[in-house]
Amino acid sequence: MIFSDPEIWAATLSMAVPLALPAIGGTFSERTVVNIAMEGIMLIGAFFAVAFSYWTGSAWLGLLAALICGGLTAAALAWGAIRVSADQTVLGMGINIFAAGLTTFLLNTLFGFNGTPISTPKLPNISIPGLDNIPYIGVIFQNQSILVYIMIVLVIVSHWFLFHTRLGLRMRSVGEHPLAADTLGINVWRIRYFGVILSGLFSALGGAYLSIGVLNGFTANMTNGRGYIALAAMIFGKWTPLGSFGAALIFGFSTALGIVLQGQGISSNLLQMIPYALTILALAGLVGRAVAPAADGIPYDPRRS
């Protein structure tokens, strides 16, 4: 039976990584600023991870480059949304379009139409000693990318940070009532910059997983809408790290199930539609009422308060 096969759950965990990471990052950004630029930041992270992995011969330096480029892109989003009070939805879509064009141009210019070299290093797959000896569970965690384990740690740390630290409390207060937070001496702009840039780092990490975690190459638009699915996972998870991770597992399972069922004569086009259908249901609010932070998407200028 499919649901009792540990291989499908291993695939579910793997497929959830590029959704969970930007979704969790989005829980920080959307406490302050609407961020639909996760798709574009993932693309930028994916490309520069491959490029620097190839140029330096180190996948870890490629991962560092992805984080830096993702953080810088998110900083540009934060500046436009916070300092200039630009329309955050339009700004995010602009970054997505820019990233798609930029990465395709750089791919063709720097590597040619044959794509990135197959000799590009990738991040290692690992098995935790002892864990792989546990029946059933061991199969799920055996030979997974190291970013799978990093994701699990980040889920736990993110939830603890947001709900059990002073800075997390300040971030939540800024997301609900920035004027009240400002009155108490909290630097609203600084918190918002921090949240958006943190979201960029998580999104870039998710993009890097696709290009140097699962593969060791980059193709044009390889994120294939995962940034938007991550946005739906964040909403489905009610703007919490644990909830976003749980939603990402659901979307990851739908993708893994589609791959398994392709070999049973079911139309691949129909199966590939499953994650996007779930995205529409989540964004339409058909999976339960999700209430965004009260100040989400609302510009705040302390100079005019």
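Residues numbered from 1 in each chain as written. Predicted model: local features only at pLDDT ≥ 70, side-chain atom pairs only at ≥ 80, totals over all residues. Heavy atoms only, no water.

**So, the overall build of the protein chain**
Worth spelling out the cut-off: What counts as a helix is a DSSP run of H or I of at least four residues, what counts as a strand is a run of E of at least two, and both are numbered from the N terminus. Note that the radius of gyration is over C-alpha atoms, with the globule rule given as 2.2 Å times the number of residues to the power 0.38. The buried label goes to any residue with under 20% of its type's maximum accessible area, the exposed label to any with over 50%, and the partly exposed label to all in between, with areas taken from a 1.4 Å probe on protein chains only. Note on contacts: a residue pair is in contact if any heavy atoms of the two residues lie within 4.5 Å. Accessibility throughout is a Shrake-Rupley quantity obtained with a 1.4 Å probe, and a residue counts as covered only by protein chains that appear here.
A tally of helices and strands in the protein chain yields 13 helices and two strands. Computed over the C-alpha atoms, the radius of gyration of the protein chain is 19 Å, within 12% of the 19 Å expected from 2.2 N^0.38 for a compact globule of 305 residues. Overall size of the protein chain, expressed as C-alpha extent along the three principal axes, is 60 × 45 × 40 Å. Burial analysis of the protein chain (305 residues in total) assigns 50% to the buried set. Summarising the internal contacts of the protein chain: among those between residues at least 6 apart in sequence, 78% fall at separations of at least 24. Counting every atom, the protein chain has about 13,700 Å² of accessible surface; 68% of that belongs to carbon and sulfur.

**Some thoughts on a nonpolar patch on the surface**
The cut-off we apply is this: Patch membership requires over 30% relative accessible area and the absence of a salt bridge. Like charges are linked within 9 Å, and nonpolar side chains (Val, Leu, Ile, Met, Phe, Trp, Tyr) within 5 Å. Here, a salt bridge means any Lys or Arg side-chain nitrogen found within 4 Å of an Asp or Glu carboxyl oxygen.
On the surface, a cluster of nonpolar side chains totalling about 330 Å² of accessible area is made up of Trp-9, Ile-134, Tyr-136 and Ile-137. Note that Ile-134 resides in the loop between β1 (125-126) and α5 (137-141).

**Focus on helix α1 (residues 6-29)**
Here is the rule we go by: Here the expected length of a helix is defined as 1.5 Å per residue gap, with one fewer gap than residues. We define the bend at any residue as the angle between the axes fitted to the seven residues before and including it, ending there, and the seven starting there.
With 24 residues, α1 should reach 34 Å at 1.5 Å per residue; the first-to-last C-alpha distance of 34 Å fits that figure. Considering bend angle alone, the principal kink of α1 is centred on Val-17 and spans about 40 degrees; proline Pro-18 follows within four residues of it.

**What about the side chain of Thr-120?**
Applied cut-off: Pairs of N or O atoms within 3.5 Å make up the polar contacts considered here, provided that, within protein, one atom can donate a hydrogen while the other can accept it, and that residues adjacent in sequence are counted only when both atoms are side-chain atoms.
Tracing the backbone shows Thr-120 in the loop between α4 (88-111) and β1. Take Thr-120: its relative accessible area is 2%, and that puts it in the buried class. Within the structure, the side chain of Thr-120 is placed 2.8 Å from the backbone oxygen of Pro-117, a separation counted as a polar contact.

**What to know about the environment of Ser-145**
By the secondary structure assignment, Ser-145 is in strand β2 (residues 144-145). Separated by 68 residues in sequence, Ser-145 and Gly-213 place their C-alpha atoms 6.1 Å apart. Not counting chain neighbours up to four residues away, the residues in contact with Ser-145 comprise Pro-124, Asn-125, Tyr-209 and Gly-213.

**Some remarks on unusual backbone geometry**
The phi angle at Asn-221 is positive, at roughly 55 degrees, despite the residue not being glycine. When you line up the elements, Asn-221 lands in the loop between α9 (188-214) and α10 (226-236). One non-glycine residue, Asn-224, lies in positive phi territory at about 55 degrees. Within the secondary structure, Asn-224 is located in the loop between α9 and α10.

**Observations concerning the packing of α1 against helix α6 (residues 146-164)**
Here is the rule: Working convention: axes come from line fits to C-alpha atoms, limited for helices to the stretch in contact. Angles between N-to-C directions cover 0 to 180 degrees. To sort the angles, those under 35 degrees are grouped as roughly parallel, those over 145 as roughly antiparallel, those from 65 to 115 as roughly perpendicular, and the leftovers as oblique. Each crossing gets its hand from how the near helix is turned against the far one by less than a right angle, where anticlockwise is left-handed and clockwise is right-handed. Gly falls in the polar group here, along with every residue not listed as nonpolar (Ala, Val, Leu, Ile, Met, Phe, Trp, Tyr, Cys, Pro) or charged (Asp, Glu, Lys, Arg).
At a closest axis distance of 10 Å, the pairing of α1 and α6 adopts a crossing angle of 25 degrees. The pairing of α1 with α6 is recorded here as roughly parallel in orientation. In terms of crossing hand, the pair formed by α1 and α6 is left-handed. Every residue of α6 that contacts α1 at Leu-13, Ala-16, Val-17, Ala-20, Leu-21, Ile-24 and Phe-28 is listed here: Leu-147, Val-148, Met-151, Leu-154, Val-155, Ser-158, Phe-161 and Leu-162. Partitioned by chemical class, the residues of the contact of α1 with α6 number 14 nonpolar, one polar and no charged.

**Concerning the packing of aromatic side chains**
We apply this condition: A pair of Phe, Tyr and Trp rings is counted when the ring centres sit within 6.5 Å of each other, with Trp represented by its six-membered ring. The angle between the planes then sorts it: under 30 degrees is stacked, over 60 is edge-to-face, the rest tilted.
Inspection of the entire model under this criterion finds 13 aromatic pairs. With centroids separated by 6.3 Å and ring planes inclined at 70 degrees, the aromatic side chains of Phe-47 and Phe-111 adopt a geometry described as edge-to-face. Of this pair, Phe-47 sits in helix α2 (residues 38-56) while Phe-111 is found in helix α4, placing the two residues 64 residues apart along the sequence. The pair formed by Phe-47 and Phe-111 is uniform in burial state, with each residue classed as buried. Ring-pair connections join several aromatic residues into one group, and the members of that group are Phe-47, Phe-48, Phe-52, Tyr-54, Trp-55, Phe-111 and Phe-218.

**A word on the confidence of the model for the protein chain**
Rule in force here: The predictor rates its confidence in each residue with pLDDT, a number between 0 and 100.
Averaged over every residue, the pLDDT of the protein chain is 86; the share at 70 or more is 90%. The least confident element of the protein chain, judged by mean pLDDT, is helix α12 (residues 268-272) at 65; the most confident is α2 at 96.

**Section: the nonpolar core**
Defined as follows: Definition used in this section: a nonpolar core is a set of buried Ala, Val, Leu, Ile, Met, Phe, Trp, Tyr and Cys residues joined via side-chain atoms within 4.5 Å.
Counting residues in each nonpolar core, the largest one holds 66 residues, and the members touching the most others are Phe-28, Phe-47, Met-151 and Phe-218. Here the element with the most residues in this core is α2; it accounts for 10 residues. Beyond its immediate chain neighbours, meaning those up to four positions away, Met-151 contacts Leu-13, Ala-16, Val-17, Ala-20, Leu-21 and Phe-245.

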